[in-house]
Amino acid sequence: MALTTAKWTLDDYHRIIDAGILDDRPVELLNGEIVDMSPEGEPHASASADAGEYLMQLLGDRAQVRPAKPITLPNVTSEPEPDLAIVQRLGRAYRLHHPYPEHIFWLIEYANTSLSKDLGEKKAIYADAGIQEYWVVNLREMTVLIFRHPVNGSYQSEEQVNEGIIYPLAFPDIAVSINRLL
């Protein structure tokens, strides 16, 4: 007998959150499934916090850098919590909803124990949702993987760097130092 798992809608997930059932559980909704999030070790927490502050300084009022906050991807029934989401400044609108794909400039995940999930399921979800740019900071190898231009659920451009500068697609005049991300 094959097992079939129940898929959760975004509305179901929000009702579960509102009921307080998941208050003490670090989880996220991925493809309609509620999954545990990996705990953050010291390198992960430190590097992502430092990078968030660095990007806030670089971008100023041009974008909001949201550290470890949900984004809502309705077309793929997902509400992940990327380590850094660089999004449009919509002010109080985010009191009514998390950023949707059309509000997202790019996403960054820091990965050590979560590397396979970030390069597998999450990468596919972000591409399916049309997120134009996705970076994975591989803390094992101290490299940054850059994924761009999603088409039909996969990124058309993939690059791995460990030094130099990245110019984000949404802000081609902003030079992001790889060393400041690692």
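Refer to the structure above for everything that follows.
A brief report on the enclosed structure follows. These figures come from a predicted structure and were not determined experimentally.

Further remarks concern the overall build of the chain. Helix and strand counts for the chain stand at 5 helices and 10 strands. Its C-alpha atoms give the chain a radius of gyration of 16 Å, within 12% of the compact-globule value 16 Å for 182 residues. Counting only C-alpha atoms and orienting by the principal axes, one finds that the chain spans roughly 50 × 40 × 35 Å. The burial tally for the chain puts 45% of its 182 residues in the buried class. Partitioning the contacts of the chain with sequence separation of at least 6, the portion at a separation of at least 24 is 53%. Element-wise, carbon and sulfur atoms account for 49% of the exposed surface of the chain, whose accessible area totals about 9600 Å².

When you tally the buried positions in strand S7 (residues 143–151), you get 7 out of 9 residues, the bulk of the element. Between strand S6 (residues 133–138) and S7, which follow one another and run antiparallel, lie 4 residues, and methionine 142 among them has a positive phi close to 55°. When S7 meets strand S8 (residues 154–161), the two strands line up antiparallel, connected through 7 bridges. Pairing of phenylalanine 147 across the sheet is with glutamate 158, part of S8. Once S7 ends, the chain turns through 2 residues before running back antiparallel as S8, passing asparagine 152 with a positive phi of about 50°.

Once that is clear, we can look at the sheet that holds strand S5 (residues 104–111). With respect to topology, 6 strands assemble into an open sheet ordered S3-S4-S5-S6-S7-S8, the strand pairing being mixed. At either end of the open sheet lies a strand with only one pairing partner, and these are strand S3 (64–67) and S8. Taking each pair of neighbouring strands and ignoring which way they run, the sheet shows an average axis angle of 20°. As paired strands, S6 and S7 are joined by 6 bridges and run antiparallel to one another.

What follows concerns the packing of aromatic side chains. Within the structure shown, the criterion is met by 7 aromatic pairs. Here the aromatic cluster, defined as three or more aromatic residues joined through ring pairs, consists of Phe105, Trp106, Trp135 and Phe171. One cation-aromatic arrangement involves arginine 66 over tyrosine 94; the distance from NZ or CZ to the ring centre is 5.0 Å.

Turning our eyes to something else, we now look at the layout of surface pockets. The gaps of empty space that remain are located by a probe, the size of a water molecule, rolled over the atoms. The volume enclosed by the largest pocket comes to roughly 300 Å³. Lining the largest pocket are 21 residues, with Ser38, Pro39, Glu40, His44 and Ser114 sitting closest to its centre. Elements represented by at least two residues in the lining of the largest pocket include exactly helix H2 (42–59), S5 and helix H3 (115–119). Its residues placed into classes, the lining of the largest pocket shows 7 nonpolar, 6 polar and 8 charged.

Attention now moves to helix H4 (residues 121–128). Among all positions in H4, only Lys122, Lys123, Ile125, Tyr126 and Ala127 are buried. Looking at the buried side of H4, the elements it contacts are strand S1 (27–30), S5, H3, S6, S7 and S8. Just downstream of H4 lies glycine 130, where phi reads positive at about 85°.

Calculation rules
Residues numbered from 1 in each chain as written. Predicted model: local features only at pLDDT ≥ 70, side-chain atom pairs only at ≥ 80, totals over all residues. Heavy atoms only, no water. Helix = DSSP H or I, 4+ residues; strand = E, 2+ residues; numbered from the N terminus. Rg over C-alpha atoms; globule rule 2.2 N^0.38 Å. Buried < 20%, exposed > 50% of the residue type's maximum accessible area, 1.4 Å probe, protein only. Contact = heavy atoms within 4.5 Å. Areas by Shrake-Rupley, 256 points an atom, 1.4 Å probe, with all protein chains shown as cover. Pairing = 2+ DSSP bridges. Axes fitted to C-alpha atoms, helices over the stretch in contact; angles between N-to-C directions. Phe/Tyr/Trp six-rings, centres within 6.5 Å; stacked < 30°, edge-to-face > 60°. Lys NZ or Arg CZ within 6 Å of the ring centre and 35° of its normal. 1 Å grid on protein atoms, 1.4 Å probe; cavity = no way out; pocket = protein on both sides within 12 Å on 5 of 7 lines; lining within 4 Å. Points joined across faces, edges and corners; volume = space filled by probe spheres on them. Nonpolar A, V, L, I, M, F, W, Y, C, P; charged D, E, K, R; others polar.

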